[in-house]
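As a plain string of letters, each chain reads:
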Amino acid sequence: MFDYLIVGAGFAGSVLAERLAADNKKVLLIDRRSHIGGNAFDHYNSDGLLVHKYGPHIFHTNSREVYDYLGRFTAWRPYEHRVLASVDGMLVPIPINLNTINALYGMNLDATQVAGFLESKAEHRSPVRNSEDVVINKVGKDLYEKFFKGYTKKQWDLDPSELDASVAARIPTRSNRDDRYFADTYQGMPAEGYTKMFERMLDHPNIKVMLNTDYKEIVNQLRFRKIIYTGAVDYYFDYCYGKLPYRSLEFRFETKDKETAQATGTINFPNEHPYTRVTEFKYLTGQQHPKTTLVYEYPQAEGDPYYPVPRPENAELYKKYQQLADAATNVYFTGRLATYRYYNMDQVVAQSLSLFKKLRAAATETPLLNGSRNDVVSDLIQRKIQ
Ligand SMILES: Cc1cc2nc3c(=O)[nH]c(=O)nc-3n(C[C@H](O)[C@H](O)[C@H](O)COP(=O)(O)OP(=O)(O)OC[C@H]3O[C@@H](n4cnc5c(N)ncnc54)[C@H](O)[C@@H]3O)c2cc1C
């Protein structure tokens with residue numbers, strides 16, 4: 001008998017498991033994968049190098065609460081990520097900054113002049129409807145074509161004009177020489193890796209972890225009061241409105257017999273090669289080793305769901321699932337898959353901490369959930385679809 005069944009042992013599920021267990025609740029945490037940590041899972045490969053199985057994960061946040069909370073389970077290795085983009089035969093800083101402009105156009109502008117330069121290149125568009133509009137409106141066609149058009153096409157298999165404005169709106173342009181990829185107050189990597197941090201979080205007598213277990217396989221065989229569900233929302237409701245579209249990635253790892261292979265943590269390739277970027281893990285992990293491992297990211301349509309495709313019709317489809325999720329009693333949908341949103345790790349941690357506070361505030365005894373899951377879910381679907 002458990003108070004909570006938590007589906008998914010990534011950040012969303014593990015933070016809630018830890019908080020609830022500390023609050024004296026009995027938790028069963030399941031994951032269909034063979035490991036904890038969700039997409040942040042890291043491990044040592046056969047050469048003994050620490051790598052991130054689902055692509056490079058760099059921790060950054062402006063939230064002191066999130067940073068301190070995770071700091072209970074790990075020491076932090078200070079790390080500020082830097083990215084170069086391969087453009088016109090050069091490696092230049094991205095996000096675009098003063099050095100990027102000076103290198104690309106052979107100029108020697110200062111911080112005050114570069115704003116004027118970008119302004120002279122910008123082509124004002126009104127209304128700003130999509131990602132192409134956002135970028136051309138801000139930096140003009142030339143920089144748009146050098147940095148964004150090809151990268152976006154590879155990443156999403158869509159032209160920037162077909163993507164929500166919100167995607168490009170997140171990308172900053174800087175008139176100073178700040179070449180850090182993120183500008184957050186707290187930036188770092190878990191000193192012994194993410195998996196070690198998750199292991200410490202989940203090491204509690206009130207938490208039972210079951211791996212290699214899909215939610216639908218076991219839900220009717222167990223008794224619990226509440227469910228926290230961090231898996232895909234369309235899967236939970238048996239795809240009753242159809243599948244929510246995702247973009248996936250294939251990660252190809254390569255270990256080289258030398259200490260370092262590239263000039264910085266990540267190199268982006270907006271225009272050449274089928275992959276979008278290459279990351280060398282040693283920059284992130286700080287590991288000393290005579291060899292080095294790189295990961296190449298190849299965007300693809302099929303595979304694990306990584307990025308919700310930000311288009312208005314998909315947001316509409318998600319809204320229908322959200323209505324079903326809102327109507328479910330004693331089931332809480334949280335995390336990136338259950339809410340069909342791209343979130344950074346710190347945002348997911350913040351969400352889980354705040355859901356925990358809500359659950360604790362509303363802590364009346366709930367009866368055990370019983371009746372088969374299929375009955376409950378199909379009843380919900382029937383009521384909403386009619
Ligand atoms: C390539 C890539 C790079 C990223 N880099 C960064 C970065 O540098 N910095 C950053 O802050 N964020 C980064 N992110 C985002 C980060 O991965 C997410 O914020 C984080 O993983 C979200 O945690 P989550 O628990 O919501 O989801 P997940 O980590 O995906 O965990 C969900 C878990 O639920 C399990 N699950 C799903 N369905 C079921 C089911 N039916 N039954 C049982 N288990 C189930 C899954 O197996 C999974 O383990 C990156 C994402 C990607 C794709």
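Reading guide: rules and limits
Throughout, a residue's number is its position along its own chain's written sequence, starting from 1. Two thresholds apply to this predicted model, a pLDDT of at least 70 for residue-level local features and 80 or more for giving and counting side-chain atom pairs, whereas whole-chain, interface and lining totals are computed over all residues. Only hydrogens and water are set aside when side-chain values are computed; all heavy atoms of the structure are taken into account. Helix numbers and strand numbers start at the N terminus; a helix is a DSSP run of H or I with at least 4 residues, a strand a run of E with at least 2. Both definitions apply: the radius of gyration is a C-alpha atom measure, and the globule rule equals 2.2 Å times residues to the power 0.38. Exposure is judged per residue with a 1.4 Å probe applied to protein chains only, and the accessible area is read against the type maximum: over 50% gives exposed, under 20% gives buried, and values in between give partly exposed. Note on contacts: a residue pair qualifies if any of its non-hydrogen atoms lie within 4.5 Å across the two residues. When charges are counted, Lys and Arg are positive and Asp and Glu negative, with His and the chain ends excluded. For charged residues, the charge sits on one atom: NZ in Lys, CZ in Arg, CG in Asp, CD in Glu. Any carboxyl oxygen of Asp or Glu that lies within 4 Å of a side-chain nitrogen of Lys or Arg is treated as forming a salt bridge with it. For this description, a residue counts as near a given molecule or strand if any of its non-hydrogen atoms is within 4 Å of it. Picture the helix axis, draw a direction to every C-beta atom, and the arc is the one those directions span. Nonpolar cores are built from buried Ala, Val, Leu, Ile, Met, Phe, Trp, Tyr and Cys residues. Side-chain atoms within 4.5 Å join them into one set. Should DSSP find at least two bridges between two strands, the strands are regarded as paired. All axes here are fitted lines through C-alpha atoms, helices being fitted over the stretch that makes contact, and every angle between N-to-C directions spans 0 to 180 degrees.

Undergrad: Which parts of the structure should I look at to understand the overall build of the protein?
TA: In terms of helices and strands, the protein carries 14 helices and 17 strands. Computed over its C-alpha atoms, the radius of gyration of the protein comes to 23 Å, within 12% of the 21 Å expected for a compact globule of 386 residues. By principal-axis analysis of the C-alpha atoms, the protein measures approximately 70 × 55 × 35 Å. Counting the 386 residues in the protein, one finds 54% classified as buried. Considering only contacts in the protein between residues 6 or more positions apart, those separated by 24 or more positions represent 72%. With 49 positive and 47 negative side-chain charges, the protein shows a spacing of 3 Å between the two charge centroids.

Undergrad: Quick question: what am I supposed to make of the pattern of salt bridges here?
TA: Per the counting criterion, the structure on display carries 26 salt bridges. In this structure, the salt-bridge partner of arginine 32 is aspartate 214, at a minimum N-O distance of 2.9 Å. Placement of arginine 32 in the loop between strand S2 (27-30) and strand S3 (42-44) and of aspartate 214 in the loop between strand S10 (207-210) and helix H9 (215-218) is noted, with a sequence separation of 182 residues between them. With relative accessibility at 53%, the residue arginine 32 sits in the exposed group. Residue aspartate 214 is classed as buried on the basis of its relative accessible area, which comes to 11%. Ionic pairing is found between arginine 252 and glutamate 250, a salt bridge with its closest N-O pair at 3.1 Å. Residue classification places arginine 252 among the partly exposed residues on the basis of a relative accessible area of 40%. Relative accessible area serves as the criterion here: at 29%, glutamate 250 is assigned to the partly exposed category. Each member of the salt-bridge network shares a partner with another, and the members are Glu80, Arg82, Asp178, Asp179 and Arg180.

Undergrad: Help me understand the site of the ligand, please; the structure alone is not making it clear to me.
TA: Around the ligand sit 31 residues in total, of which Asp31, His57, Ile58, Tyr343 and Met345 are the nearest. Mapped by element, the contributors of at least two residues to the shell around the ligand are helix H1 (11-22), strand S12 (246-256) and helix H13 (345-361).

Undergrad: Just to check I follow, could you spell out the environment of aspartate 157 for this structure?
TA: In this fold, aspartate 157 is placed in the loop between helix H6 (141-156) and helix H7 (165-169). For aspartate 157, a relative accessible area of 46% puts it in the partly exposed group. Remark: the alpha-carbon pair of aspartate 157 and proline 299, spanning 142 residues in sequence, is separated by 8.4 Å. In this structure, aspartate 157 is in contact with Thr152 and Arg247, ignoring residues within four places of it in sequence.

Undergrad: Can you help me understand helix H4 (residues 111-121) in this one?
TA: Residues spaced three or four apart along an α-helix face the same direction, because each turn holds 3.6 residues. Those residues of H4 lying buried are Val114, Phe117 and Leu118. All buried residues of H4 lie within an arc of 95 degrees about the axis, which places them on one face of the element. For H4, the exposed residues set more than 90 degrees away from the buried face come down to Thr112 and Ser120. For H4, the elements touching its buried residues are helix H3 (98-105), helix H5 (131-139) and H6.

Undergrad: Would you explain the nonpolar core in this entry?
TA: General note: in soluble globular proteins, nonpolar side chains tend to be found buried as a group. In terms of nonpolar packing, the biggest core is built from 46 residues, with Leu5, Tyr215, Ile227, Tyr229, Phe237 and Phe333 touching the most fellow members. At 5 residues, helix H12 (residues 312-327) tops the list of elements feeding residues into this core. Filtering out sequence-adjacent residues up to four positions away, leucine 5 remains in contact with Leu28, Ile30, Tyr215, Ile218, Val219, Phe224, Lys226, Ile227 and Ile228. In terms of nonpolar packing, the next biggest core, distinct from the first, is built from 42 residues, Ala17, Val27, Leu70 and Tyr194 among them.

Undergrad: Explain the pairing of strand S7 (residues 83-87) here, please?
TA: Judged by how many residues are buried, S7 sits mostly within the fold: 5 of 5 residues are covered. Here S7 shows two buried faces, one formed by Val83, Ala85 and Val87 and the other by Leu84 and Ser86. Here S7 pairs with strand S8 (residues 90-94) via 5 bridges, running antiparallel. Its bridge partner lying in S8, leucine 84 is registered against proline 93. Taking the residues that link successive antiparallel strands as the turn, the S7-S8 hairpin has 2 residues, and the phi of aspartate 88 there is positive, at about 50 degrees.

Undergrad: What should I look at first to understand the sheet that holds S2 in this one?
TA: What links the strands of a sheet is backbone hydrogen bonding, and the strands pair in either a parallel or an antiparallel sense. One open sheet accounts for 5 strands, arranged S10-S2-S1-S11-S17; its pairing is parallel. Pairing within the sheet leaves two strands with one partner each, and these edge strands are S10 and strand S17 (331-333). For this sheet the average axis-to-axis angle between neighbouring strands, irrespective of direction, equals 20 degrees. Across 5 bridges, strand S1 (residues 2-7) lies against strand S11 (residues 224-229) in parallel orientation. Following the sheet pairing, valine 7 is matched in S11 by tyrosine 229.

Undergrad: I would appreciate a short explanation of helix H8 (residues 194-202) in the present structure.
TA: Tyr194, Thr195, Met197, Phe198, Met201 and Leu202 are the residues of H8 that are buried. Looking down the long axis of H8, one finds its buried residues gathered within 155 degrees of arc, a one-sided arrangement.

Undergrad: When you look at the sheet that holds strand S9 (residues 186-190) in this model, what are you seeing that I'm missing?
TA: Read across the open sheet, the 3 strands follow the order S5-S9-S6; overall the sheet is antiparallel. Edge positions in the open sheet fall to strand S5 (59-61) and strand S6 (76-78), since each of these has one partner strand only. Here the strands of the sheet are splayed against their neighbours by 45 degrees on average, with no regard to which way each runs. Two strands pair when backbone bridges link them, and S5 and S9 are joined in this way by 3 bridges, in the antiparallel orientation. Bridge pairing in S9 places phenylalanine 59 opposite glycine 188.

By themselves, these observations are geometric and do not establish any function.
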